[in-house]
Amino acid sequence: AKATIDVDLTGHTETFKVTERITLRDADGNPVDASLVTASIEEVTLTLPIRYFRYITLDVDANPGGGATKENSDIVCTPERIMVSGNKEVLSKMTKLVLGSIDLGELTEPEEIPFTIELDPGLTCESGEKEAVVSVSFPNLDTKELTVTNFNVLNVPEGLACELMTKELKVKVRGLKDVVARVKASDLTVTIDFATVTGAVAGTNTYTPVITVDETKCPGVGAIGKYVVSATLQEATATADVTVPG
């Protein structure tokens, strides 16, 4: 009724090949007398892949910014882990799978970020997931908006003077609640560094400033959001090359 092959897996930990004789059986599964039967083949060579399975935790790299760090933020991967199969040596070295990185300084509100699950060649996601969603929120942090008038200009191009047209800038800061509560506008500095500006020329343009918070007074607090400052570059006079409002 059927032909079977018996293979002993004892002691095998890697994929292996084996040649075994065929056993002919009746409908009840009992071996029949092979001497009474003529078969086209008597042996079969088999390759038996042995794969290892392991649950792998999903994770992301979180770049700190805007007062948020991986430690003071809530970062949750869904699913939290997947089942992976593959080579024993490769799996034994895996404790987690890093999906990618997120920049916490660019997130101003809770957000859900999708990531494609990418495995090394030879590994298979047995649980079937192809994508994970990373939820980021900031329940331990607070924000505050301040009107900043403390401006700083660095590395004005030679032969030019800089006049800031922006007189004040509303800046939102974020950090641990008790620290944010005591932040003042005077603790913030808005800086334009022309060393980072490509092709600065005479005329009125907008520039992206760097906003710093006095770390000695407000540890862990940082600015969030995107800002621009308007400034005019013109030929320098003999007495000054920067005019700062206020």
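Located above this text is the structure these notes cover.
Residues numbered from 1 in each chain as written. Predicted model: local features only at pLDDT ≥ 70, side-chain atom pairs only at ≥ 80, totals over all residues. Heavy atoms only, no water.

1. Comments concerning unusual backbone geometry
And step 1. Omega for the bond connecting Thr78 with Pro79 falls within 30 degrees of zero, at 0°, which places this linkage in the cis form.
And step 2. Summarising the element assignment, Pro79 is placed in the loop between β6 (74-78) and β7 (81-86).
And step 3. Not every positive phi belongs to a glycine, and Asn155 is a case in point at roughly 55°.
And step 4. Relative to the assigned elements, Asn155 resides in the loop between β13 (151-154) and β14 (160-164). (Helix = DSSP H or I, 4+ residues; strand = E, 2+ residues; numbered from the N terminus.)

2. Concerning the packing of aromatic side chains
And step 1. Across all of its chains, the model carries 1 aromatic pair by this definition.
And step 2. The interplanar angle of 70° and the centroid separation of 5.1 Å between the aromatic rings of Phe194 and Tyr207 together place this pair among those described as edge-to-face. Note that Phe194 is positioned in the loop between β16 (188-193) and β17 (203-207) and Tyr207 in strand β17, a separation of 13 residues in sequence. There is no split in this pair, since Phe194 and Tyr207 are both buried. (Phe/Tyr/Trp six-rings, centres within 6.5 Å; stacked < 30°, edge-to-face > 60°. Buried < 20%, exposed > 50% of the residue type's maximum accessible area, 1.4 Å probe, protein only.)

3. So, the layout of surface pockets
And step 1. Roughly 290 Å³ of internal volume is contained in the largest pocket.
And step 2. When contributions to the lining of the largest pocket are tallied by element, the ones reaching two or more residues are β18 (210-213) and β19 (222-224). (1 Å grid on protein atoms, 1.4 Å probe; cavity = no way out; pocket = protein on both sides within 12 Å on 5 of 7 lines; lining within 4 Å. Points joined across faces, edges and corners; volume = space filled by probe spheres on them.)

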